[in-house]
Amino acid sequence: VFTEKEREAMERLIKTLEHLQGFEGEMKLTSQAVEVFTEMYNTTMRSSPLYDNKFLNGYASRRHVHLLKISMCLAVSTTFEQEVKAHHLDAADDMLLAAEAFMPKVMDLVTATEKGDVTERVYRMIAKRGSITRTQLMRLVSHQINSQELQEVVVTLEQAGMIEVVSDTRVTVYKALD
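This write-up is about the structure you can find in this document.

Rules and cut-offs
- Residues numbered from 1 in each chain as written.
- Predicted model: local features only at pLDDT ≥ 70, side-chain atom pairs only at ≥ 80, totals over all residues.
- Heavy atoms only, no water.
- Pairing = 2+ DSSP bridges.
- Helix = DSSP H or I, 4+ residues; strand = E, 2+ residues; numbered from the N terminus.
- Axes fitted to C-alpha atoms, helices over the stretch in contact; angles between N-to-C directions.
- Expected span 1.5 Å × (residues − 1).
- Contact = heavy atoms within 4.5 Å.
- 1 Å grid on protein atoms, 1.4 Å probe; cavity = no way out; pocket = protein on both sides within 12 Å on 5 of 7 lines; lining within 4 Å.
- Points joined across faces, edges and corners; volume = space filled by probe spheres on them.
- Nonpolar A, V, L, I, M, F, W, Y, C, P; charged D, E, K, R; others polar.
- Patch = residues over 30% accessible without salt bridge, like charges linked within 9 Å, V, L, I, M, F, W, Y side chains within 5 Å.
- Areas by Shrake-Rupley, 256 points an atom, 1.4 Å probe, with all protein chains shown as cover.
- Salt bridge = Lys/Arg side-chain N within 4 Å of Asp/Glu carboxyl O.
- Polar contact = N/O pair within 3.5 Å; in protein donor to acceptor, adjacent residues only side chain to side chain.
- Buried < 20%, exposed > 50% of the residue type's maximum accessible area, 1.4 Å probe, protein only.

1. What about the sheet that holds strand β4 (residues 163-167)?
Here is step 1 of the chain: Pairing is antiparallel across the open sheet formed by 3 strands, whose spatial order is β3-β5-β4. Taken across any chain shown, the strands that pair with only one partner, and hence form the sheet edges, are β3 (131-133) and β4. With strand direction ignored, the average angle separating the axes of adjacent strands in the sheet is 20°.
Here is step 2 of the chain: Relative to strand β5 (residues 172-176), β4 runs antiparallel, the two being bridged by 5 bridges. Looking at β5, one finds that Ile163 is bridged to Ala176.

2. A look at helix α6 (residues 114-129)
Here is step 1 of the chain: Taking 1.5 Å of rise per residue, the 16 residues of α6 would be expected to cover 22 Å, and the 23 Å separating its terminal C-alpha atoms lies within 8% of that figure.
Here is step 2 of the chain: As for α6, its buried residues are in contact with β3, α7 (134-141), α8 (147-159), β4 and β5.
Here is step 3 of the chain: With its phi angle positive at about 85°, Gly130 sits one or two positions after the end of α6.

3. Quick word on empty space enclosed by the protein
Here is step 1 of the chain: Overall, the coordinates contain 1 cavity of 30 Å³ or more when judged by the stated rule.
Here is step 2 of the chain: If you add up the space inside the largest cavity, you get close to 50 Å³.
Here is step 3 of the chain: Around the largest cavity sit Phe37, Met40, Tyr41, Thr44, Met45, Ala60, Arg63, His64 and Leu67, which together line it.
Here is step 4 of the chain: Where the lining of the largest cavity is concerned, the elements lending two or more residues are α2 (31-47) and α3 (57-79).
Here is step 5 of the chain: When residues in the lining of the largest cavity are grouped by element, the largest group, 5 residues, is from α2.
Here is step 6 of the chain: The residue makeup of the lining of the largest cavity, split by class, is 6 nonpolar, 2 polar and 1 charged.

4. Focus on a nonpolar patch on the surface
Here is step 1 of the chain: Nonpolar side chains collect at one region of the surface, where Phe2, Met10 and Ile14 lie side by side and expose about 260 Å² of accessible area between them.
Here is step 2 of the chain: Relative to the elements of secondary structure, Ile14 occurs in helix α1 (residues 4-21).

5. A closer look at the side chain of His88
Here is step 1 of the chain: Assignment of secondary structure puts His88 in helix α4 (residues 86-100).
Here is step 2 of the chain: For His88, the side chain forms a polar contact with the side chain of His87, separated by 3.3 Å.
Here is step 3 of the chain: Not counting residues within four places of it along the chain, the set of residues in contact with His88 comprises Ser71, Leu74, Ala75, Thr78, Thr79 and Glu83.

6. Remarks on the environment of Lys105
Here is step 1 of the chain: With respect to the secondary-structure elements, Lys105 resides in helix α5 (residues 103-111).
Here is step 2 of the chain: Polar side-chain contacts of Lys105 include one of 3.2 Å to the side chain of Glu120.

7. Examining the environment of Thr43
Here is step 1 of the chain: Among the secondary structure elements, Thr43 is positioned in helix α2.
Here is step 2 of the chain: Take Thr43: its relative accessible area is 36%, and that puts it in the partly exposed class.

8. Digging into the pattern of salt bridges
Here is step 1 of the chain: Taken as a whole, this structure holds 6 salt bridges when the rule is applied.
Here is step 2 of the chain: Note that Asp93 is salt-bridged to Arg63, the shortest N-O span being 2.7 Å. Residue Asp93 is found in helix α4, and its partner Arg63 is found in helix α3; the two are separated by 30 residues along the sequence.
Here is step 3 of the chain: Taking the relative accessible area as the measure of exposure, Arg63 reaches 4% and is therefore buried.
Here is step 4 of the chain: Across the salt bridge formed by Glu100 and Arg63, the nearest N and O atoms sit 2.5 Å from each other. Taken as a pair, Glu100 in helix α4 and Arg63 in helix α3 lie far apart in primary sequence, 37 residues in all.
Here is step 5 of the chain: The class of Glu100 is buried, set by a relative accessible area of 10%.
Here is step 6 of the chain: If you follow the salt bridges from partner to partner, you end up with Arg63, Asp93 and Glu100 in one network.

Laid out in structure tokens, this is it:
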């Protein structure tokens, strides 16, 4: 059951969507939008860190297409015009940058090995506490890995520059690095 206000809003939305559905034909870019797009394209094609990720380099090479498509959607949905302006490109770029911030981590999770998953869990345990003794950490992970496997994980994290291992004659402490 909808209130009168909700029903009116839904009717306006339906009319707007029906209007948008009727758009067809060529989309144009203003001259300023062309300049902004060219700069964005050249900057991204030269310096995107996504090219370094074997799972994301294909996306990085098509990013400009996504940028234009989102810009066109923004133009049509906000102004009902088939003309992309610089601010549409800026907004689309902001959206892509927000999504791209998470892409490497998502791909890491999607393609993670069981060993990588354990390594990530051990690191999170150390990072959450700032530092932890080997004995405390072993208690936390003993149901998942044995002492030798923990040592391999610790060496991996240390070599990756993610933790520091501090030992004296009595105790070994793992400290998360920023």
